[in-house]
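# Working through the structure, step by step
For reference, the chains in residue letters:
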Amino acid sequence: MVSTIPTSNSVAQSQLRPEIRKLQPLLVEWRRHLHKRPELGFKEYLTGEFICQKLQEWGIEHQKGVAKTGILATIDSGKPGPVLAIRADLDALPIQELNDVPYRSIHNGVMHACGHDGHTAIALGTAYYLATHRQDFDGIIKIIFQPAEEGPGGAKPMIEAGVLKNPDVDAIIGLHLWNNLPLGTVGVRSGALMAATERFNCTILGKGGHGGMPHQTVDSVVVAAQIINALQTIVARNINPIDSAVVTVGELNAGRAFNVIADTARMGGTVRYFNLAYQDYFAKRIEQVIAGVCESHGASYEFNYIPLYPPLINDQKMADLVKSVAELLVETPAGVVPECQTMGGEDMSFFLQEVPGCYFFLGSANAEKNLAYPHHHPRFDFDETALGMGVEMFVRCVDKFCSQG
């Protein structure tokens, strides 16, 4: 559901500097080029070629092939000062696009359904602007074009490849175009913004048999059903009610015939939470529940738990910086939204574990233009007016963090 917070788009657009307003048609062109040619994680070869072509054309120093398909661009002002990193993700999703637009995906079964094409266009626009205005800031800006945010995760490999070193990054910022907020708003808060993302798989091993003779079997479906119900008590009865957490079973597969009791049942699910105190808790507790239910029915199990991304936790000082920039851009208290937490996950969290930083949401929904479908929907699209606003946000953050004097 899209927020009912009033937009301040007309005010925000008037606050864009003329050079960035002139960039808007190019931002749209770049975004649509990328949208038409989506690529999955660690396969962003066409995307990378396009980015490198632009960086080369603008004379921006860059390194390609970082963590397979990532790119690191470096813009040196030539003056001593801090090092600020800006991160954008590149990858698309395995979704068949249903939008009837000229820039519809030409890659069957792959779609930019989360806005990463827009993130890349905004980062390119920021790189271009900063490269042509080096005199306006001190220090160095690193722009990290990261692969595979949607999975299996490209942030950690890029960190391991040294993108935060030589020179060492002092702080990092990033944004997510966000159809849960209307165009002209910015969602920013300190502390936990996005949840930890963890995954589990379990196979229940029972004893199959005739559907009319259950006493001769160990019914894996019944066992799985009781496990699913029992798992819901973890959040309801084990987690402090003040904390937010989710345990969801999204997959359940068992049996192939109506009159046969299945010997195995397979389930998979996800865990989400904000509080780092629960980092190792859910894996142990979920297996305890599974083991207890299986034992009571005479079944056994196989269990696998995979921590994917930690909670995304914004630094107070950097969040305050971004908020102060947003308040000037949207020029209305209603346009800055602090209550913007989500149980969605993001591997930007790995960068924020290494250096202080802030990840924020840039409202991009416009219901009047039918641009309000949720993220990961086959009809997802956003109001491209947000692209120029994204560049302006980044440039103003650079101005404030790295400005002379």
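The shown structure was predicted, so the numbers you read here are calculated from the model rather than taken from an experiment.

## Some details on the packing of helix α3 (residues 45-57) against helix α4 (residues 116-131)
Axis separation between α3 and α4 bottoms out at 11 Å; the angle between their running directions is 10 degrees. Between α3 and α4, the interaxial angle falls into the category roughly parallel. The hand of the α3/α4 crossing is right-handed. Facing Phe-50, Ile-51, Lys-54 and Leu-55 of α3, the residues of α4 in contact are Thr-120, Leu-124 and Ala-127. Split by residue class, the contact of α3 with α4 holds five nonpolar, one polar and one charged.

## Digging into helix α8 (residues 316-330)
The end-to-end C-alpha separation of α8 is 21 Å, in line with the 21 Å expected for 15 residues at 1.5 Å each. Measuring from the side-chain oxygen of the N-cap residue of α8 to the backbone nitrogen of Lys-317 gives 3.1 Å; that N-cap residue is Asp-315. Glu-331 sits one or two positions beyond α8 and adopts a positive phi of about 55 degrees.

## Considerations on the UniProt feature "domain: Peptidase M20 dimerisation" (unreviewed entry) in the protein
Following the UniProt record, the feature "domain: Peptidase M20 dimerisation" (unreviewed entry) maps to residues 200-296 here. Across residues 200-296, the secondary structure splits into 36% helix and 31% strand, with the terminal C-alpha atoms separated by 22 Å.

## As for the UniProt feature "binding site: Mn(2+)" (unreviewed entry) in the protein
With numbering matched to this structure, UniProt assigns "binding site: Mn(2+)" (unreviewed entry) to Cys-114, His-116, Glu-150, His-176 and His-376. Across 263 residues of sequence, these annotated residues stay compact in space, with a maximum C-alpha separation of 13.5 Å. Within the secondary structure layout, His-116 lies in helix α4. Not counting chain neighbours up to four residues away, the residues in contact with His-116 comprise Asp-89, Leu-90, Asp-91, Glu-149, Glu-150 and His-176. In terms of polar contacts, His-116 uses its side chain to reach the backbone carbonyl oxygen of Asp-91, at 2.8 Å. With respect to the helices and strands, His-376 occurs in the loop between β16 (357-365) and α10 (385-402). Setting aside chain neighbours within four positions, we find His-376 in contact with Leu-93, Ile-95, Ala-113, Cys-114 and Glu-150.

About the thresholds
Residues numbered from 1 in each chain as written. Predicted model: local features only at pLDDT ≥ 70, side-chain atom pairs only at ≥ 80, totals over all residues. Heavy atoms only, no water. Axes fitted to C-alpha atoms, helices over the stretch in contact; angles between N-to-C directions. Helix = DSSP H or I, 4+ residues; strand = E, 2+ residues; numbered from the N terminus. Parallel < 35°, antiparallel > 145°, perpendicular 65-115°, else oblique. Left-handed = near helix turned anticlockwise from the far one by under 90°. Contact = heavy atoms within 4.5 Å. Nonpolar A, V, L, I, M, F, W, Y, C, P; charged D, E, K, R; others polar. Expected span 1.5 Å × (residues − 1). Polar contact = N/O pair within 3.5 Å; in protein donor to acceptor, adjacent residues only side chain to side chain. UniProt positions renumbered as here; feature names shortened; annotations may be inferred.

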